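Letter by letter, the chains look like this.
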Amino acid sequence: MTRNAFLAAALATTLAAPAMADGFTLTSPDIAEGQQLSSDFVFQGFGCEGGNTAPTLEWSGAPEGTESFAVTVYDPDAPTGSGWWHWFAFNIPDDVTSLPGGGDVSGVQLTNDYGAEGFGGACPPPGEVHRYEFTVHALGTTLEIDNSVSNALAGFMVNANSLASSTITAVYNR
């Protein structure tokens, strides 16, 4: 293995998102693993007609040392070369264990890839099935960044400080 290949592998291992911690779970009365999103959670625009509402998310079993949470919704199948950020919220207080439907967040929300702050629903190209990864991260700190940073930088900071994460991957096609 070349030095560069070794360094790349070591960096990828170091920055990999943590696996679900024993007992740290994300649940929702609105979405389920591998199931089609309802129209409530579909974007209104770009040829899509939905409610553009965030689902209710609930989590439990955060590991000891959790100081805040981050919630993300990401579409890795978007034809952009870098996926699509539908929602990125962080610095959610450590005593919060759910987000109500609609996307009210006690924390910082970034601009999604539609160009609006907060949640933006599913809207894949016609005929394609896309995955929507709803993830909660338990962080060992409160992030010292604000809503002016990119989703990529916030993602780096979340992954670097994540004690545990849990994901529900839903799908949608039109």
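Scroll up for the structure.
Residues numbered from 1 in each chain as written. Predicted model: local features only at pLDDT ≥ 70, side-chain atom pairs only at ≥ 80, totals over all residues. Heavy atoms only, no water.

Undergrad: Requested: an account of the sheet that holds strand β5 (residues 98-99), with residues and values cited.
TA: Strand order in the open sheet made by the three strands is β1-β2-β5, with antiparallel pairing throughout. Two strands lie at the open edges of the sheet, namely β1 (25-27) and β5, each paired on one side alone. When strand β2 (residues 57-60) meets β5, the two strands line up antiparallel, connected through two bridges. Of the residues in β5, the one forming a bridge with Glu58 is Ser98. (Pairing = 2+ DSSP bridges. Helix = DSSP H or I, 4+ residues; strand = E, 2+ residues; numbered from the N terminus.)

Undergrad: Pulling in residues and values, what's your account of the side chain of Asp75?
TA: Here Asp75 shows up in strand β3 (residues 68-75). A distance of 3.2 Å separates a polar atom in the side chain of Asp75 from the backbone nitrogen of Ala78. Excluding residues that lie within four positions of it along the chain, Asp75 makes contacts with Gly83, Trp84, His86, His130, Arg131 and Tyr132. (Polar contact = N/O pair within 3.5 Å; in protein donor to acceptor, adjacent residues only side chain to side chain. Contact = heavy atoms within 4.5 Å.)

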